[in-house]
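Chains, contacts and geometry: an overview
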Amino acid sequence: VPIELDDIMMDDIFPIAESIVEEEFGEELVLVRTPQTLTLVGELEEGEEDDYDEENSIDQDGAQDEDEEEVEILLTFDHAGQEVNLVKILDPVLLVGKEDENSPEQRILLTEEESDSIMPVLEELFLEQSLEEDEED
């Protein structure tokens, strides 16, 4: 079961996960608590990504259900007697943001109303670009 970023449990788990990522990957990867999801900054080495196999691929509730997102388990640890997995979502996630008026170097996520307005336009642009690329091939 995914733990939401604003869940009180995340306040306990994040420092532990951050420490484990630092121990396992050194300066190559850093775990960051970003607005919508935890983010690993850096790149997994090819050898680490090549270790992926079907046994390490599970959906969010632990089963192989085609309607669920598949994830790759990056690390596992126990917290308060509960197993916690830090996972990589295998399908790309698109987060759309805008410039923060108070801090131009920062981006903030769109409101639900802004998203309802902007996402159809972006989807159309992506579709058009995809069709153009297909025509070029």
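Please refer to the structure placed before this passage.
Every value quoted in this text rests on a predicted model; they were computed, and no experiment measured them. (Residues numbered from 1 in each chain as written. Predicted model: local features only at pLDDT ≥ 70, side-chain atom pairs only at ≥ 80, totals over all residues. Heavy atoms only, no water.)

A word on the pattern of salt bridges. Under the definition given, this model contains two salt bridges. Among the ionic pairs, R33 bridges to D11, the shortest N-O distance being 3.1 Å. On the criterion of sequence distance, the pair formed by R33 in strand 1 (residues 29–33) and D11 in helix 1 (residues 8–25) is long-range, its members being 22 residues apart. Where E114 meets K98, a salt bridge forms, and the shortest distance between an N and an O atom there is 2.5 Å. Taken together, the positions of E114 in helix 3 (residues 112–136) and K98 in strand 6 (residues 97–100) put the pair 16 residues apart, joining distant regions of the chain. (Salt bridge = Lys/Arg side-chain N within 4 Å of Asp/Glu carboxyl O. Helix = DSSP H or I, 4+ residues; strand = E, 2+ residues; numbered from the N terminus.)

With that settled, consider a negative patch on the surface. Together, E124, E128, E132, E133, D134, E135, E136 and D137 make up a negatively charged patch on the protein surface. Overall, E132 belongs to the partly exposed group, its relative accessible area being 47%. (Patch = residues over 30% accessible without salt bridge, like charges linked within 9 Å, V, L, I, M, F, W, Y side chains within 5 Å. Areas by Shrake-Rupley, 256 points an atom, 1.4 Å probe, with all protein chains shown as cover. Lys, Arg positive; Asp, Glu negative; His and termini not counted. Charge placed at Lys NZ, Arg CZ, Asp CG, Glu CD. Buried < 20%, exposed > 50% of the residue type's maximum accessible area, 1.4 Å probe, protein only.)

Here the focus is the nonpolar core. Residues V21, F25, L29, L31, L75, F77 and L86 are the most contacted members of the largest nonpolar core, which totals 15 residues. Among the elements of the structure, helix 1, strand 1, strand 4 (70–79) and strand 5 (82–89) are those that each provide at least two residues to this core. Take this core: its biggest share by element is seven residues, from helix 1. (Core = buried A, V, L, I, M, F, W, Y, C linked by side-chain atoms within 4.5 Å.)

The terminal C-alpha atoms of helix 3 lie 36 Å apart, and with 25 residues this matches the ideal 36 Å at 1.5 Å per residue to within 8%. For helix 3, the principal kink sits at I118 and spans about 30 degrees; a proline, P120, occurs within the next four residues. (Expected span 1.5 Å × (residues − 1). Bend = angle between axes of the 7 residues up to and from the residue.)

All right, on to unusual backbone geometry then. The phi torsion at A80 lies on the positive side, around 50 degrees, for a residue other than glycine. Position of A80 among the secondary structure elements: in the loop between strand 4 and strand 5.

Below, the discussion takes up the pairing of strand 5. Alignment of strand 4 against strand 5, held across eight bridges, turns out to be antiparallel. Bridge pairing in strand 5 links E72 to K88. Connecting strand 4 to the antiparallel partner strand 5 that follows it, the hairpin turn spans two residues, and A80 within it adopts a positive phi of roughly 50 degrees. (Pairing = 2+ DSSP bridges.)

A separate point is a nonpolar patch on the surface. A cluster of nonpolar side chains, contributed by I89, V93, L95 and L109, occupies part of the molecular surface with about 300 Å² of accessible area. Mapped onto the elements, L109 comes out in strand 7 (residues 103–109).

Turning our attention to the pairing of strand 2 (residues 38–42). Where strand 1 meets strand 2, five bridges bridge the pair, whose relative direction is antiparallel. Within strand 2, the residue paired with R33 across the bridge is L38. The loop that links strand 1 with its antiparallel partner strand 2 comprises four residues.

With 18 residues, helix 1 ought to run about 26 Å at 1.5 Å a step, and its terminal C-alpha atoms sit 26 Å apart, in line with that. When the local axis directions of helix 1 are compared, the greatest deviation, roughly 30 degrees, occurs at F14, which is followed within four positions by the proline P15. Listed as buried for helix 1 are M10, I13, F14, A17, I20, V21 and F25. For helix 1, the side-chain oxygen to backbone nitrogen distance between the N-cap and M9 is 2.7 Å, and the N-cap itself is D7. After helix 1 finishes, the residue G26 shows a positive phi value of roughly 60 degrees. (Polar contact = N/O pair within 3.5 Å; in protein donor to acceptor, adjacent residues only side chain to side chain.)

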